[in-house]
Protein chains: 2
Amino acid sequence: MKNKFGIGMDSCVIPLRHGGLSLVQTTDFFYPLVEDPYMMGRIACANVLSDLYAMGITECDNMLMLLSVSQKMSEQEREIIMPLMIRGFRDAAEEGGTSVTGGQTVINPWIIIGGVATVVCQPNEFIMPHNAIPGDVLVLTKPLGTQVAVNAHQWLEIPERWNKIKLVVSKEDVELAYQEAMLNMAMLNRTAAALMHTFNAHAATDITGFGILGHAQNLAKEQRSEVSFVIHNLPIIAKMAAVSKACGTVFGLLQGTSAETSGGLLICLPREQAARFCAEVKSPKYGEGHQAWIIGIVEKGNRTARIIDKPRIIEVAPRGATASAQENNSNASPESIS
Amino acid sequence: MKNKFGIGMDSCVIPLRHGGLSLVQTTDFFYPLVEDPYMMGRIACANVLSDLYAMGITECDNMLMLLSVSQKMSEQEREIIMPLMIRGFRDAAEEGGTSVTGGQTVINPWIIIGGVATVVCQPNEFIMPHNAIPGDVLVLTKPLGTQVAVNAHQWLEIPERWNKIKLVVSKEDVELAYQEAMLNMAMLNRTAAALMHTFNAHAATDITGFGILGHAQNLAKEQRSEVSFVIHNLPIIAKMAAVSKACGTVFGLLQGTSAETSGGLLICLPREQAARFCAEVKSPKYGEGHQAWIIGIVEKGNRTARIIDKPRIIEVAPRGATASAQENNSNASPESIS
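Since the structure is predicted, the reported quantities are computational estimates derived from the model, not experimental observations. (Residues numbered from 1 in each chain as written. Chains lettered and ligands numbered in written order. Predicted model: local features only at pLDDT ≥ 70, side-chain atom pairs only at ≥ 80, totals over all residues. Heavy atoms only, no water.)

Let's shift gears to the overall build of chain A. When helices and strands are tallied, chain A shows eleven helices and eleven strands. Its C-alpha atoms give chain A a radius of gyration of 19 Å, near enough to 20 Å, the size a compact globule of 338 residues would have. In terms of principal-axis extent, the alpha carbons of chain A reach across some 55 × 55 × 35 Å. Across chain A, contacts joining residues at least 24 apart in sequence account for 83% of those joining residues at least 6 apart. Only carbon and sulfur atoms are counted for the fraction: they give 52% of the accessible area of chain A, which is about 13000 Å². The positive charge centre, built from 28 side chains, and the negative charge centre, built from 33, are 5 Å apart in chain A. (Helix = DSSP H or I, 4+ residues; strand = E, 2+ residues; numbered from the N terminus. Rg over C-alpha atoms; globule rule 2.2 N^0.38 Å. Contact = heavy atoms within 4.5 Å. Areas by Shrake-Rupley, 256 points an atom, 1.4 Å probe, with all protein chains shown as cover. Lys, Arg positive; Asp, Glu negative; His and termini not counted. Charge placed at Lys NZ, Arg CZ, Asp CG, Glu CD.)

To continue, consider the interface of chain B and chain A. If you look at the interface, chain B gives 46 residues, while chain A gives 47 residues. In this assembly, chain B and chain A are joined by four salt bridges. Put simply, D61 of chain B and R17 of chain A hold a salt bridge, and the shortest N to O gap is 3.5 Å. On inspection of chain B and its partner chain A, the count reaches 21 residue pairs in polar contact (both at pLDDT 80 or more). Put simply, the parts of the chain that give the side of chain B that touches chain A at least two residues each are β1 (12–15), β2 (22–30), β3 (62–70), β4 (100–108) and β5 (112–121) of chain B. The leading source of residues in the side of chain B that touches chain A is β4 of chain B, at eight residues. In terms of residue class, the side of chain B that touches chain A is made up of 23 nonpolar, 15 polar and eight charged. (Salt bridge = Lys/Arg side-chain N within 4 Å of Asp/Glu carboxyl O. Polar contact = N/O pair within 3.5 Å; in protein donor to acceptor, adjacent residues only side chain to side chain. Nonpolar A, V, L, I, M, F, W, Y, C, P; charged D, E, K, R; others polar.)

Quick look at the UniProt feature "domain: PurM-like C-terminal" (unreviewed entry) in chain A now. This chain's UniProt record puts "domain: PurM-like C-terminal" (unreviewed entry) on residues 134–307 of chain A. A distance of 17 Å separates the end C-alpha atoms of residues 134–307 of chain A, which is 41% helix and 20% strand. (UniProt positions renumbered as here; feature names shortened; annotations may be inferred.)

When chain B is fitted onto chain A, the two copies agree to an RMSD of 0.0 Å after a turn of 180 degrees and an axial shift of 0.0 Å. Between the two chains, the operation in question is that of a two-fold axis. The position closest to the rotation axis in chain B is occupied by the C-alpha of P109 of chain B, lying 3.3 Å away. Counting the interface residues of chain B, we find that 100% of their copies in chain A are interface residues as well, pointing to one common contact surface. (Least-squares fit on C-alpha atoms with pLDDT ≥ 70 in both.)

Residues and elements named next belong to chain A. Taken domain by domain, chain A holds domain 1 (12–121) and domain 2 (136–316). Just the C-alpha atoms count here: the centres of domain 1 and domain 2 sit 23 Å apart. At the boundary of domain 1 with domain 2, total buried surface from both sides reaches about 1900 Å², with 62% on carbon and sulfur atoms. If you sort the residues of domain 1 by the area they bury against domain 2, L33, Y53 and A54 come out on top, with a joint share of 28%. In this assembly, domain 1 and domain 2 are joined by one salt bridge. Inspection of the region where domain 1 meets domain 2 yields eight residue pairs in polar contact (both at pLDDT 80 or more). When residues of the side of domain 1 that touches domain 2 are traced back to their parent elements, those giving at least two are α1 (37–53) and α2 (75–95). The element best represented in the side of domain 1 that touches domain 2 is α1, accounting for nine residues. For the side of domain 1 that touches domain 2, the residue count by class is twelve nonpolar, six polar and six charged. (Domains from an automatic or database assignment. Buried area = accessible area lost by both parts, 1.4 Å probe.)

The final tally for this structure, using the stated rule, is 14 salt bridges over all chains. The closest approach of N and O atoms between E226 of chain A and K300 of chain A, which form a salt bridge, is 3.9 Å. Here E226 of chain A is found in the loop between α7 (211–221) and β8 (227–237), whereas its partner K300 of chain A is found in strand β10 (residues 293–300), with 74 residues between them in sequence. The exposure class of E226 of chain A is partly exposed, given its relative accessible area of 48%. Given the relative accessible area of 64%, K300 of chain A is considered exposed. Between K285 of chain B and E280 of chain B there is a salt bridge whose closest N-O contact spans 3.1 Å. (Buried < 20%, exposed > 50% of the residue type's maximum accessible area, 1.4 Å probe, protein only.)

Bringing the packing of aromatic side chains into the picture now. Where two aromatic rings form a pair, the distance of their centres and the angle of their planes describe that pair. Residues and elements named next belong to chain A. Applying the stated rule across the entire model yields six aromatic pairs over all chains. On the basis of an interplanar angle of 40 degrees and a centroid distance of 5.9 Å, the ring pair of W155 and F251 is categorised as tilted. Placement of W155 in helix α3 (residues 146–155) and of F251 in the loop between α8 (240–246) and β9 (265–269) is noted, with a sequence separation of 96 residues between them. With relative accessibility at 7%, the residue W155 sits in the buried group. (Phe/Tyr/Trp six-rings, centres within 6.5 Å; stacked < 30°, edge-to-face > 60°.)

This paragraph deals with the environment of S22 of chain B. Residue and element names in this part refer to chain B. Within the secondary structure, S22 sits in strand β2. Exposure remark for S22: the relative accessible area of 11% places this residue in the buried category. The sequence separation of S22 and A242 amounts to 220 residues, and the corresponding C-alpha distance is 45 Å. Every residue in contact with S22, bar those within four places of it in the chain, is listed here: V13, I14, P15, L16, V119, V120, C121 and F126.

Residue and element names in this part refer to chain B. A sheet is described by the order of its strands in space; here six strands give the open sequence β7-β9-β6-β10-β8-β11, paired in mixed fashion. The sheet is open, and its two borders are formed by β7 (203–206) and β11 (305–316), each paired with just one other strand. Sheet twist, expressed as the average angle between the axes of neighbouring strands with direction ignored, equals 20 degrees. Relative to β11, strand β8 (residues 227–237) runs parallel, the two sharing eight bridges. (Pairing = 2+ DSSP bridges. Axes fitted to C-alpha atoms, helices over the stretch in contact; angles between N-to-C directions.)

With that out of the way, let us pick up the sheet that holds strand β1 (residues 12–15) of chain A. Residues and elements named next belong to chain A. The strand order β1-β2-β5-β3-β4 describes an open sheet built from five strands, whose pairing is mixed. A strand with exactly one partner marks an edge of an open sheet, and here the two such strands are β1 and β4 (100–108). Direction aside, neighbouring strands of the sheet carry axes that sit 15 degrees apart on average. Two elements, strand β3 (residues 62–70) and β4, share eight bridges in a ladder whose sense is parallel. Residue pairing in the sheet places L67 in a bridge with T105 of β4.

Time to look at the nonpolar core. M63, I212, F229 and M240 of chain B are the most contacted members of the largest nonpolar core, which has 105 residues in total. At ten residues, the largest contribution of residues to this core is made by helix α1 (residues 37–53) of chain B. Each of domain 1 (12–121) and domain 2 (136–316) of chain B accounts for three or more of the residues forming this core. When neighbours within four sequence positions are excluded, M63 of chain B is seen to be in contact with C45, V48, L49, F89, A93, T98, S99, V100, T101, G102, V116 and A117 of chain B. Core analysis: the second largest hydrophobic core is formed by 104 residues, L52, V100, L195 and A241 of chain A among them. (Core = buried A, V, L, I, M, F, W, Y, C linked by side-chain atoms within 4.5 Å.)

UniProt annotation of "domain: PurM-like N-terminal" (unreviewed entry) refers to residues 10–114 of chain A when read in the numbering used here. Helix makes up 36% of residues 10–114 of chain A and strand makes up 32%, while its end C-alpha atoms are separated by 15 Å.

Here it is in structure tokens:
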């Protein structure tokens, strides 16, 4: 339900009255979707910061936290859950090199968590998302399928739902997929943002509520050149493609319309840089868990995006599982899709 | 339910990496309290901006809007109400010389409206709220009693509630008080912020959920000098003091604990400047409806605030009524209260 007023960018960019500087800021808030309040706080923070990272911004000058406490929670639930959520949010902010200095809390029927991220930048600190050109390659920095994994995990407790998917997935698969989704949603896109500069990114966005195709379409619309995006590969948390298929039209994961939360960056990179980007992001010097896949190409077109008829599904093995399944698939090269 | 993380100020002030500039920002969101969606939008915007104005900041570089649409509204209700709220918010932002360039909308059981106001300032653009000294005078720029007026107005439709106050107030009084409250809540504190510089204000805050006493106490706590605030006069929308009294301990308006929404600024001014501030703010050059009253003094003390035993109630006549009742009371001088 993201609603950006006026401009089709992840963050707004406001020229300031002071010496060539720009104010870049973004806000996002939503409802908890994982059971672990600490992880939920981290996810909410990663999700807010992601809009800055999508513009290649690696610094954040300030964060505000937006919270609502549910009126349905007992005093005891509040005292345990809310501090954990706040702690998770603050820890992720600290990991992003920033801190939370303000905010607002209200009482509401539902829990809400979100925030505001703000930075004042020099022109070379951000990359406007409209310079893709034909021949560029599309890179994605987190696997898809977070919503499917979160829902499948809830269905473990709902027999009539579970029965619909139990033929294609085991309970252990679902637990692993859920953990993998949670780790991915909580991971900052900050390393990817920094590497956008190193490898000369032409445009980027982050994948959230509209799914990979929706955000690809939004990004295509913003391009200065007459280009279109074609997606050939879908990196998906292992087994979640099968779960989505078994659910008919509920998710649309293979059609690219399944919502993601705090998803990866979709980045348009010069072809010769894309494979280097994907290799570099996995370097241990950036910490564990970073991945990236080449998923498509930029061609001449009318500023639209599409997924090819039978996209290749890259089954992304959860960190908890053996990594062998992943090895075969994780190095899709530009050659293999063009 | 305002919850400021870490610091006792209305806005957070973050030193930036760039040439002596500071980022000042604030957020606030809440639930509608008046029936008119357009006015509710204006009030929400005025309320957010007020945190900047309380620091003597008159400019705002950017606003974000935070909205939730109630899931209980019909499609038709949504299509009429939400655009009006957004229009009101945008119009007030424009009046404040700024604009709304981003935001987030969610679905929720309740309607929520609020926003984020951000500005990048040079040091001379803001006034830190901690320099009150003994001998200063307290000035308030909007009358109190907004919550009482809003509630009394709701009670016109609830006979058992109305019966409790009908001896002290007429229906017309309540209608006028409600209109007056709405106009005051929707009015920007921007003129007052500008005059804080002209008249050398030493500290200020805005009056919202904690009532005049709560915010006076919070401001007193932040002072560098050992001072206390003593409030002698309470300017209150006409008849609302009587309504509050008739309701026992429900509001605490005369005790200074009745919540206000988008209330006035409480400003510590040098004694010789305060009367001039109050006269200047009424000048037609700033538009209609601006008022200010000297309501107390700053004395040596232990950083607390109190209201004297029998404060003088200044009955502030609504704009819709004849202004005669107000004339007698609106020029309390520092002499009369010290």
